[in-house]
Amino acid sequence: MNDYRVIGKPTEMVSSREKVIGRAKYTDDLSVANALIVKILRSPLASARITALRTEKALALVGVRAVLVGSDLPKTFGVLPISRDEPALAMGRVRYVGEPVAAVAAETAAIAERALKLIEVEYEPTGACLDPKKALEPAADPIHPELNKGNNLHKSVRQEFGDVAKGFAEAQAVVEGSFDFMPVNHAFTEPHATQVEISADGGLTVYSATQVPHYLHLALSDMLGLPLHRIRVVKPHLGGGFGGKSDPFPHEIIAAKLALVTGRNTRITLSRKEVFLTNHGRHPTTLQMKLGLHAEKGISALSADVLIDGGAYASFGVVTTYYNGVLLMGPYPVPAFSFHCDRVYTNKPICGAMRGHGSVNSRFASEVLFDMAAMKLGLDPAEARLRFLHDGDTLTINQLRITSAGLKLGLSTAMKRARWSEKHGRLPYGKGIGVACSFFISGSALPIHRDGLPQSQVRLTVDFDGAVTVYSGAADIGQGSDTVLAQMVAEVLGIPFSCITVVSGDTRLCPVDMGSYSSRVTFMAGNAARNAAISLRRELARAACDLLKIPVPAARPASEPESSFRLGGRAPEWKSAYLGPNPDFSDGLDFRDGKITVSGKTVDYFVVVKHAVQGPGVIQTSGIYISPKLGGTFKGAGAGLSPAYSFTAFITEVVVDPETGFIRVEKVTCAHDCGQPLNPLAVEGQIEGSIHMGLGQALMEGMIYEDGAIQNASLLDYKIPSPFEMPEIDMIYDLGADNEGPFGAKEVGEGVLAPLIPSIANAVYDAVGVRLTSVPMTPDKVLAAMREAKGSA
Amino acid sequence: MEIRSLLQPGSLSELLRGIETADDKTMLLAGGTDVIPMLKQVGLSSPVSLIALGRMKELSGITLEDTHTLRIGATTRLMEIQASPLLQKHCPVLVATASHVATAAIRSRATLGGNLLVNHRCVYFNQAEDNRCANGSCFKAGGDTCHLVPTVKAGDSPLCRARFVSDLAAVLLVLGARLRIVGRGGERTLEARDFYLPDGMARNRLEKGEVLAWVEVPPTAGHSVHYEKLRIRGAIDFPSVGVAVRAEAGAGQLRIGVAHVGLNAAPVWLELSGAGWSDELIEKAAQKGVRTAKPLKQDLFSPSYRREMVGVFIRRALKRIREARSAP
């Protein structure tokens with residue numbers, strides 16, 4: 001059992017007080033001096049050629065300082081280097097309703113609004129491609145002719161592992177189904193916002209609501225033709241991201257360009273409607289899936305054919321395309337798998353990464369099918385899952401390396417706590433209980449940019465006053481990453497939490513970090529912070545021994561240096577690189593409660609720091625994290641690789657109203673293997689948040705388009721659940737530490753969401769005997785399914 | 001949105017004087033929870049003038065008159081209705097229904113009058129300006145088309161099929177409430193049942209220069225009223241369907257009143273009677289409700305589902321009343 005002082009203790013988030021009292025500054029709360037207001041003119045058409053664009057009248061309006069059009073920013077950008085297909089302002093053609101066409105910088109918002117109306121655009125509508133199925137047909141005028149594909153296919157992935165035909169032949173039950181999913185939006189609280197400060201010599205400081213300051217930094221430099229060192233990106237407090245702020249965006253590039261053009265500071269905050277138009281939410285999906293189950297051996301084969309509608313541009317789409325398949329290789333072993341996914345372009349707002357990226361919709365299908373197959377074989381669906389879950393220390397058929405896997409304990413505990421076996425199949429008509437499981441990455445092992453930079457770097461300084469500053473490029477987007485970084489440093493140094501300040505999300509002050517997406521920060525930035533703290537501890541240990549006039553105890557021989565595994569070693573060798581969840585600091589010193597103890601002598605931490613800085617001055621150390629080399633050598637082998645995976649199970653209880661079709665989720669029991677929970681308060685917050693978001697997609701959320709125009713671009717008409725819909729929640733999350741996670745931690749931000757949705761569907765089956773295959777599972781669909789079942793009975 | 005002037009009258013006479021000098025761009029503001037978002041969403045290009053009713057004590061408050069008639073001021077906040085012991089005693093359905101409107105934060109501002117006069121809603125109207133323009137503005141937005149019923153032409157009646165969404169109107173209709181309206185020419189009283197017009201633009205019989213001042217609810221002893229609401233969330237949303245049902249037994253007869261909102265351009269009021277509680281009578285009421293519901297594609301739920309729910313809710317409400325009555 002560990003003896004942590006800070007780790008694993010509910011810890012108030014470092015910024016929670018200032019947020020609660022309204023003092024925290026979000027991007028729109030900043031006021032860069034004398035800023036011009038930026039407004040964007042957006043396309044009213046889904047697909048058209050721009051035959052004329054006249055800005056003279058707008059420019060002539062008093063108070064207008066500049067008007068930008070596509071030719072002012074002639075390059076394209078995109079978060080993935082392999083698919084930079086998006087202009088900041090439309091160049092010659094528009095590809096979705098809402099695409100930026102021109103932008104104005106003016107002295108006031110009212111003048112900017114008036115100027116937008118004075119910009120004259122002539123469009124020649126071209127046939128819009130709105131139906132993803134039709135996007136695969138030959139097209140005379142594809143949305144992206146530069147791809148030379150002759151249709152609107154963006155990315156197609158085909159993978160096959162094992163003998164799929166044999167797998168299905170050996171299965172005792174084979175089930176299949178078609179599933180469809182509406183597009184959903186992140187619906188974060190804070191809309192996108194950017195403020196740009198231009199220095200007298202033309203350097204830019206860009207304050208932006210972004211999850212990844214580093215990617216924005218790179219994109220701005222490329223799009224503006226300004227060297228990286230002339231741009232500083234700062235992320236103020238962020239009101240939620242969920243993937244929707246992980247790409248660089250047109251408005252950020254436009255605001256920066258307008259600052260350069262006018263020499264003035266600029267600012268822009270998107271309206272809620274513009275947030276919906278900017279979207280980058282979950283891809284609408286249709287898929288067919290087939291699953292073979294053997295009562296003794298588990299899943300024998302799985303095949304999936306998936307079509308995802310990417311909207312007008314690429315965003316993270318290539319990754320999404322892979323994730324729809326490769327993330328089906330857990331939480332149960334799958335010995336044979338064939339997978340086909342097409343991502344198509346359509347004339348609609350862009351889809352991208354959203355909490356549970358790429359895994360949520362296909363997970364729904366696989367978990368509903370697992371349920372069907374288990375019941376077909378007369379197996380208890382929870383017992384069957386429990387039996388077939390991945391063990392730890394294993395490789396999947398597509399070479400994903402699973403290290404810790406604590407879900408067997410998690411699911412069995414959840415079954416007991418929810419009294420599964422007393423309830424399943426035994427509740428009165430209209431009441432039901434269902435189960436579903438999943439797994440998710442703790443950061444992608446393969447960085448997007450193969451530029452050799454560590455995935456995370458953390459720098460620490462300690463000065464004469466004993467205050468430790470943690471510099472990290474990671475972005476706290478409300479999830480509490482600053483807090484866990486501070487916790488880890490406090491734990492290693494044995495000092496009070498109040499000694500630590502975290503400076504993060506600033507590309508000038510902080511070393512590069514790949515940012516907050518794919519649930520990577522705790523694992524990667526956390527390891528970097530812990531490594532930096534261990535280095536600092538060694539410095540302080542030397543000073544303490546000097547002060548006490550005793551020899552520095554020998555450190556443990558570095559026969560298995562902690563860097564060896566983190567810096568390399570392919571999958572099969574990983575066991576030999578075992579270091580334990582929190583490697584013994586091996587210096588024979590005890591750092592705790594602000595005291596440093598060596599060989600029975602104790603000295604105060606502050607005294608040691610004062611001594612340490614005499615001579616060398618401020619002490620600085622740094623730590624890095626690089627994923628081990630993982631994975632196979634086949635095409636696309638990099639997708640889905642992660643240094644560790646989280647596992648989740650839901651047992652969900654519902655009441656279905658047979659007259660109205662309403663599903664009421666009464667209670668969920670959630671078991672989530674996040675390794676060692678670092679901050680239980682944050683873990684619980686992430687679980688609750690995932691349940692709220694998953695509940696929305698499950699029951700009510702969906703962006704409604706008509707002729708490519710969104711019809712419910714407001715938080716009144718786009719329905720996210722109210723507190724009344726939230727179920728009672730029972731959480732189980734302390735399910736063992738991971739050997740490579742910092743202090744044994746894995747992710748908790750995303751993986752929780754996916755299995756909630758199929759657990760609801762499976763509970764509905766238990767309640768009223770219908771299998772729902774269309775998400776959201778709105779009451780009218782429930783009623784229609786019940787009617788159909790009655791008709792065929 | 002730009003506000004040109006703001007008048008805050010303290011008395012009825014001051015208000016009427018203000019209205020007299022008002023132009024077309026003048027709007028009355030009570031809680032503002034409907035008017036302000038609409039002004040922002042519609043993004044009116046020319047500035048508006050507002051007359052705020054918040055200081056008019058005469059128009060606020062709940063009293064019980066000698067005849068056991070309840071009088072509720074139009075600017076009484078929904079939160080006050082929810083918390084009123086007087087209403088809890090004499091008209092609990094109003095308390096319950098008020099609590100189904102929007103959210104607590106909105107109810108702390110929103111008023112009874114505002115709810116009864118809430119603007120009609122339509123997926124094509126309640127859009128930002130650019131969206132409406134992109135589609136071609138509809139009649140209600142000053143254009144010359146209806147996206148719900150493209151065959152409608154100017155001059156047709158009804159012109160606008162935007163739906164009527166006041167929860168409280170449904171209940172007040174079945175309660176037989178009267179609306180007291182004041183204007184330059186004095187005061188007049190209209191039955192709530194006669195007040196609304198089946199057109200999302202004309203909306204009701206309030207004339208220019210008139211103000212809805214008080215709502216009178218006749219004595220409610222001897223009958224039971226129940227309200228059911230269809231919405232995807234347990235809060236926030238306007239009714240996709242709202243059904244108020246009233247049952248009154250007397251002289252060997254059971255009289256049933258039904259009002260539904262959320263579907264048509266005006267609330268629908270129905271009456272029927274039978275010898276007593278019977279499944280047939282309940283079914284008849286449900287069928288009548290469904291027949292009169294004319295939903296269009298204006299909402300998250302499909303028109304056919306909403307129509308069906310009218311029947312489900314009428315049955316449900318009547319059965320609840322029957323059960324409550326037969327309970328000891």
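Since this is a predicted model, take the numbers as computed values, not measurements.

**Some details on the sheet that holds strand E3 (residues 64–69) of chain A**
Residues and elements named next belong to chain A.
Right, on to step 1. The strand order across the open sheet built from seven strands is E3-E7-E1-E14-E11-E12-E13, with neighbouring strands paired in mixed fashion. Looking at the sheet topology across the chains shown, the edges are occupied by E3 and strand E13 (231–234). Direction aside, the axes of adjacent strands within the sheet are offset by 20 degrees on average.
Right, on to step 2. Taken together, the four bridges between strand E11 (residues 193–198) and strand E14 (residues 266–269) define a ladder with antiparallel strand orientation. Looking at E14, one finds that alanine 193 is bridged to threonine 269.
Right, on to step 3. Helix-sheet contacts for helix H3 (residues 109–118) involve strand E1 (36–42), E3 and strand E7 (100–106), and the interaxial angle to E1 is about 25 degrees.
Right, on to step 4. Set on the sheet, helix H5 (residues 213–224) makes contact with strand E12 (204–208) and E13; between it and E13 the angle comes to about 145 degrees.

**Let's talk about the packing of aromatic side chains**
For any two aromatic rings, the description comes down to two numbers: the centre-to-centre distance and the angle of the planes.
Right, on to step 1. Under the counting rule described, the total for this entry stands at 18 aromatic pairs over all chains.
Right, on to step 2. Measuring from ring centre to ring centre gives 6.0 Å for Phe179(A) and Phe364(A), while their planes differ by 80 degrees; the resulting arrangement is edge-to-face. With a gap of 185 residues between them, Phe179(A) in strand E10 (residues 173–181) and Phe364(A) in helix H9 (residues 360–376) connect regions that are remote in the sequence. An identical accessibility class is assigned to Phe179(A) and Phe364(A); each is buried.
Right, on to step 3. Plain terms: the ring middles of Phe301(B) and Tyr305(B) are 5.2 Å apart, the flat faces sit at 35 degrees to each other, and that makes the pair tilted.
Right, on to step 4. Using a relative accessible area of 2% as the deciding quantity, one classes Phe301(B) as buried.
Right, on to step 5. Joined through ring pairs, the aromatic side chains of Phe179(A), Phe181(A) and Phe364(A) make up one cluster.
Right, on to step 6. Sitting over the face of the ring of Tyr765(A), Arg771(A) holds its NZ or CZ atom 3.8 Å from the ring centroid.
Right, on to step 7. Between the NZ or CZ atom of Lys140(B) and the centre of the ring of Phe125(B), over which it lies, the distance is 5.0 Å.

**Thoughts on the interface of chain A and chain B**
Right, on to step 1. Contact with chain A, which involves 26 residues of that partner, is made by 29 residues of chain B.
Right, on to step 2. Roughly 2300 Å² is buried in total at the junction of chain A and chain B, and carbon and sulfur atoms are behind 52% of that figure.
Right, on to step 3. Sorting the residues of chain A by area buried against chain B places Lys273(A), Gln711(A) and Leu716(A) first, and these three jointly supply 22% of that buried surface.
Right, on to step 4. Joining chain A to chain B, the criterion identifies four salt bridges.
Right, on to step 5. One salt bridge in this structure joins Glu659(A) and Arg316(B), with 2.6 Å as the shortest N-O distance.
Right, on to step 6. At the surface where chain A touches chain B, the tally comes to ten residue pairs in polar contact (both at pLDDT 80 or more).
Right, on to step 7. Residue composition of the side of chain A that touches chain B, by class: 13 nonpolar, three polar and ten charged.

**Looking at the pairing of strand E9 (residues 223–230) of chain B**
All names here are of chain B.
Right, on to step 1. Where burial is concerned, most of E9 is hidden: six out of the eight residues are buried.
Right, on to step 2. Relative to strand E10 (residues 241–250), E9 runs antiparallel, the two sharing eight bridges. Within E10, the position partnered with leucine 230 by the bridge is valine 241.

**Considering the pattern of salt bridges**
Right, on to step 1. In this structure the tally under the stated criterion is 52 salt bridges over all chains.
Right, on to step 2. In this structure, Glu107(A) engages Arg65(A) in a salt bridge whose closest nitrogen and oxygen atoms are separated by 2.6 Å. Taken together, the positions of Glu107(A) in the loop between E7 and H3 and Arg65(A) in strand E3 put the pair 42 residues apart, joining distant regions of the chain.
Right, on to step 3. Overall, Glu107(A) belongs to the partly exposed group, its relative accessible area being 25%.
Right, on to step 4. A salt bridge links Asp299(B) to Arg163(B); the nearest nitrogen and oxygen atoms lie 3.5 Å apart. Of this pair, Asp299(B) sits in the loop between helix H11 (279–292) and helix H12 (303–326) while Arg163(B) sits in the loop between helix H8 (129–135) and helix H9 (167–175), and the two are 136 residues apart along the sequence.
Right, on to step 5. Each member of the salt-bridge network shares a partner with another, and the members are Arg54(A), Lys57(A), Glu120(A) and Glu122(A).

**Section: the packing of H9(A) against helix H10 (residues 381–388) of chain A**
Residues and elements named next belong to chain A.
Right, on to step 1. It is at 9 Å that the axes of H9 and H10 come closest, and there the two elements cross at 110 degrees. Taken together, the axes of H9 and H10 are roughly perpendicular relative to one another. Side by side, H9 and H10 meet where Glu367, Phe370, Asp371, Ala374 and Met375 of the first sit next to Pro381, Ala384, Arg385 and Phe388 of the second.
Right, on to step 2. Looking at the contact of H9 with H10 residue by residue, the classes come out as six nonpolar, no polar and three charged.

**With respect to the nonpolar core**
Most often, soluble globular proteins keep nonpolar side chains buried together rather than apart.
Residues and elements named next belong to chain A.
Right, on to step 1. Grouped together as the largest cluster of nonpolar side chains are 149 residues, with contacts concentrated most on Ile663, Ile760 and Met777.
Right, on to step 2. The element best represented in this core is helix H18 (residues 753–768), accounting for ten residues.
Right, on to step 3. Contact partners of methionine 777, with chain neighbours within four places excluded, come to Phe364, Ile663, Ala698, Leu699, Ile757, Ile760, Ala761, Leu772 and Val782.
Right, on to step 4. Of all hydrophobic cores here, the second largest spans 54 residues; its members include Val492, Ala532, Ala543 and Cys545.

**Quick look at the state of the cysteines**
Residue and element names in this part refer to chain A.
Right, on to step 1. All told, the structure shown has zero disulfides over all chains when counted by the stated rule.
Right, on to step 2. Not engaged in a disulfide, the cysteine cysteine 510 finds its nearest cysteine sulfur in cysteine 499; these two sulfurs lie 20 Å apart.
Right, on to step 3. Here cysteine 670 is not disulfide-linked; the sulfur of cysteine 674 is the nearest cysteine sulfur, at 9.6 Å.

**Some details on the side chain of Lys257(A)**
Residues and elements named next belong to chain A.
Right, on to step 1. Secondary-structure assignment places lysine 257 in helix H6 (residues 250–262).
Right, on to step 2. In this structure, lysine 257 is buried with no salt-bridge partner, the nearest side chain bearing the opposite charge being aspartate 72 at 6.5 Å.
Right, on to step 3. With residues up to four places along the chain from it excluded, the contact list for lysine 257 reads Leu68, Asp72, Leu73 and Leu224.

**Topic: the confidence of the model for chain A**
Right, on to step 1. Chain-level statistics for chain A give a pLDDT mean of 93 and a share of 95% at 70 or above.
Right, on to step 2. The low-confidence segment residues 557–582 of chain A, where pLDDT is below 50, has 53 contacts with residues more than four positions distant or belonging to other chains.

**Details of H9(B)**
All names here are of chain B.
Right, on to step 1. Burial runs high along H9: nine of the nine residues are buried.
Right, on to step 2. Along H9, the positions that sit buried rather than exposed are Asp167, Leu168, Ala169, Ala170, Val171, Leu172, Leu173, Val174 and Leu175.
Right, on to step 3. Between the side-chain oxygen at the start of H9 and the backbone nitrogen of leucine 168 there is a gap of 3.5 Å, and the oxygen is on serine 166.
Right, on to step 4. Glycine 176 occupies a position one or two residues after H9 and carries a positive phi of about 75 degrees.

**Quick word on the confidence of the model for chain B**
Right, on to step 1. With 96% of its residues at a pLDDT of 70 or more, chain B has an overall mean of 91.
Right, on to step 2. Here the complex is predicted with pTM 0.96, and the ipTM for its interfaces comes to 0.95.

**Let's talk about the sheet that holds strand E25 (residues 595–598) of chain A**
Residues and elements named next belong to chain A.
Right, on to step 1. Within the open sheet, the three strands sit side by side as E24-E25-E26. Their pairing is antiparallel. Two strands bound the open sheet, and with one partner strand each, they are strand E24 (589–592) and strand E26 (601–604). Strand after strand, the sheet turns through a mean of 20 degrees between neighbouring axes, direction not considered.
Right, on to step 2. The sheet contact formed by E24 and E25 spans four bridges and is antiparallel. Of the residues in E25, the one forming a bridge with aspartate 590 is threonine 597.
Right, on to step 3. Against the sheet, helix H14 (residues 521–548) engages E24, E25 and E26, with an angle of about 110 degrees to E24.

**Concerning helix H19 (residues 779–792) of chain A**
A turn of α-helix holds 3.6 residues, and therefore any two residues three or four places apart point the same way.
Right, on to step 1. Between its first and last C-alpha, H19(A) extends 20 Å over 14 residues, near the 20 Å set by a 1.5 Å rise per residue.
Right, on to step 2. Listed in full, the buried residues belonging to H19(A) are Pro779(A), Val782(A), Leu783(A), Ala785(A) and Met786(A). The buried residues of H19(A) occupy one face: seen down the axis, they fall within an arc of 160 degrees. Across from the buried face of H19(A), at angles greater than 90 degrees, the exposed residues are Glu788(A), Gly791(A) and Ser792(A).
Right, on to step 3. Buried residues along H19(A) sit in contact with strand E28 (645–656), strand E29 (663–673) and H18 of chain A together with H12 of chain B.

Procedures and definitions
Residues numbered from 1 in each chain as written. Chains lettered and ligands numbered in written order. Predicted model: local features only at pLDDT ≥ 70, side-chain atom pairs only at ≥ 80, totals over all residues. Heavy atoms only, no water. Pairing = 2+ DSSP bridges. Helix = DSSP H or I, 4+ residues; strand = E, 2+ residues; numbered from the N terminus. Axes fitted to C-alpha atoms, helices over the stretch in contact; angles between N-to-C directions. Contact = heavy atoms within 4.5 Å. Phe/Tyr/Trp six-rings, centres within 6.5 Å; stacked < 30°, edge-to-face > 60°. Buried < 20%, exposed > 50% of the residue type's maximum accessible area, 1.4 Å probe, protein only. Lys NZ or Arg CZ within 6 Å of the ring centre and 35° of its normal. Buried area = accessible area lost by both parts, 1.4 Å probe. Salt bridge = Lys/Arg side-chain N within 4 Å of Asp/Glu carboxyl O. Polar contact = N/O pair within 3.5 Å; in protein donor to acceptor, adjacent residues only side chain to side chain. Nonpolar A, V, L, I, M, F, W, Y, C, P; charged D, E, K, R; others polar. Parallel < 35°, antiparallel > 145°, perpendicular 65-115°, else oblique. Core = buried A, V, L, I, M, F, W, Y, C linked by side-chain atoms within 4.5 Å. Disulfide = S-S within 2.5 Å. Lys, Arg positive; Asp, Glu negative; His and termini not counted. pLDDT = per-residue confidence, 0-100. Expected span 1.5 Å × (residues − 1). Arc of directions from axis to C-beta.

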